[in-house]
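Understanding the architecture of this molecule
Here is how the chains run, residue by residue.
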Amino acid sequence: KAGVTQTPRYLIKTRGQQVTLSCSPISGHRSVSWYQQTPGQGLQFLFEYFSETQRNKGNFPGRFSGRQFSNSRSEMNVSTLELGDSALYLCASSIGLAGNNEQFFGPGTRLTVL
Amino acid sequence: AQSVTQLGSHVSVSEGALVLLRCNYSSSVPPYLFWYVQYPNQGLQLLLKYTSAATLVKGINGFEAEFKKSETSFHLTKPSAHMSDAAEYFCAVSRAAGNMLTFGGGTRLMVKP
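This section reports on the structure supplied with the text. Every value quoted in this text rests on a predicted model; they were computed, and no experiment measured them.

Quick notes on the overall build of chain A
Each helix and strand in chain A was counted, giving zero helices and 11 strands. The N-to-C order of helical and strand elements in chain A reads β-β-β-β-β-β-β-β-β-β-β. In terms of overall dimensions, chain A has C-alpha extents of about 35 × 25 × 25 Å along its principal axes. For chain A, the residues scored as buried account for 51% of the 114 residues in total. A fraction of 54% describes how many contacts in chain A between residues 6 or more apart in sequence connect residues 24 or more apart. As displayed, chain A offers around 5200 Å² of accessible surface, 48% of which is attributable to carbon and sulfur atoms. Charge-centre separation for chain A: the mean point of 11 positive side chains lies 4 Å from the mean point of 6 negative side chains.

A few points about the state of the cysteines
In protein chemistry, a disulfide is the covalent bond that joins the sulfur atoms of two cysteines. All names here are of chain B. If you walk through the whole model with that rule in mind, you get two disulfides over all chains. With a sulfur-sulfur separation of 1.9 Å, C23 is cross-linked through a disulfide to C91. Judged by the sign of its S-S torsion, about -60°, the bond between C23 and C91 is left-handed. With C23 in the loop between strand 3 (19–21) and strand 4 (24–26) and C91 in strand 10 (residues 87–94), the pair connects residues that are 68 residues apart, well separated along the chain. Classification of C23 by relative accessible area gives buried; the value is 0%.

So, the packing of aromatic side chains
What describes a pair of aromatic rings is the distance from one ring centre to the other and the angle between the planes of the rings. Residues and elements named next belong to chain B. Under the counting rule described, the total for this entry stands at 14 aromatic pairs over all chains. Judged by centre distance (6.3 Å) and plane angle (55°), the rings of Y50 and F74 are tilted. In this pair, Y50 sits in strand 6 (residues 44–50) while F74 sits in strand 9 (residues 73–78), placing the two residues 24 residues apart along the sequence. F74 matches Y50 in its accessibility class, with the two residues each being buried.

Remarks on unusual backbone geometry
Omega for the bond connecting T7 of chain A with P8 of chain A falls within 30 degrees of zero, at -10°, which places this linkage in the cis form. By the secondary structure assignment, P8 of chain A is in the loop between strand 1 (5–7) and strand 2 (10–13). Unlike most non-glycine residues, N61 of chain B shows phi in positive territory, near 60°. Its location among the elements puts N61 of chain B in the loop between strand 7 (56–58) and strand 8 (64–68). We note that T72 of chain B has phi near 45°; this positive angle belongs to a residue other than glycine. Topologically, T72 of chain B is positioned in the loop between strand 8 and strand 9.

Some points on the nonpolar core
W35, L48, F74, L76 and Y89 of chain B are the most contacted members of the largest nonpolar core, which totals 26 residues. Of all the elements in the fold, those that place two or more residues in this core are strand 2 (10–14), strand 3, strand 5 (32–38), strand 6, strand 8, strand 9, strand 10 and strand 12 (107–112) of chain B. The biggest single contributor to this core is strand 10 of chain B, with four residues. Counting residues in hydrophobic clusters, the runner-up holds 21 residues, among them I26, Y49, F60 and A87 of chain A.

Describing the environment of P79 of chain B
Residue and element names in this part refer to chain B. Within the secondary structure layout, P79 lies in the loop between strand 9 and strand 10. For P79, a relative accessible area of 59% translates into the label exposed. Put simply, P79 and R108 are 29 residues apart on the chain and 18 Å apart in space, counted from C-alpha to C-alpha. Setting aside chain neighbours within four positions, we find P79 in contact with G16, A17, L18 and G62.

Parameters at a glance
Residues numbered from 1 in each chain as written. Chains lettered and ligands numbered in written order. Predicted model: local features only at pLDDT ≥ 70, side-chain atom pairs only at ≥ 80, totals over all residues. Heavy atoms only, no water. Helix = DSSP H or I, 4+ residues; strand = E, 2+ residues; numbered from the N terminus. Buried < 20%, exposed > 50% of the residue type's maximum accessible area, 1.4 Å probe, protein only. Contact = heavy atoms within 4.5 Å. Areas by Shrake-Rupley, 256 points an atom, 1.4 Å probe, with all protein chains shown as cover. Lys, Arg positive; Asp, Glu negative; His and termini not counted. Charge placed at Lys NZ, Arg CZ, Asp CG, Glu CD. Disulfide = S-S within 2.5 Å. Phe/Tyr/Trp six-rings, centres within 6.5 Å; stacked < 30°, edge-to-face > 60°. Core = buried A, V, L, I, M, F, W, Y, C linked by side-chain atoms within 4.5 Å.

Put into structure tokens, the structure is as follows:
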């Protein structure tokens, strides 16, 4: 069974631009979560989607948004990029919403904002 | 609010020595607890999880962790370190519902030959 895939793997943008990252979950998984990883702040939860609905949201500004499609694939968008948005963005998929479910992580998209 | 503290951002052990990575959590209700490992330029891989069954949890690659409610701890151990264990390790906690994980700051494990 294929794992979680994220595209692109690397991205370079300039301040003020916007970016869209994509995540394809493991087949049969309906929950997709996004995390931001930086050296200073560590791993922080962005949001979670299940059945095309946002179920939880972390403490990030409105410039960060996401959506989930009917095939469970998810995208996240960051508008008006800032230097501090440079990070590794990780996507995780899970079969359901139970807190004890294993989450399977993708390799991440490394975003660099210049 | 839940929080996770990992004592020691860097831990160095010799190959064959005991590995002990510390994790303490704060939660108002019994949580679900996880240990993940991250190798360079890769995502996170689940090592083990505690879900209120046995307090001693065995995971992959010879790792295990013990849930101690009285100490609010979930320390990760491995009897004998291998060079391939060098990586960053994250302790995380989740709530009863939903997949939101709260992570500790991570511990980078270095294994000396």
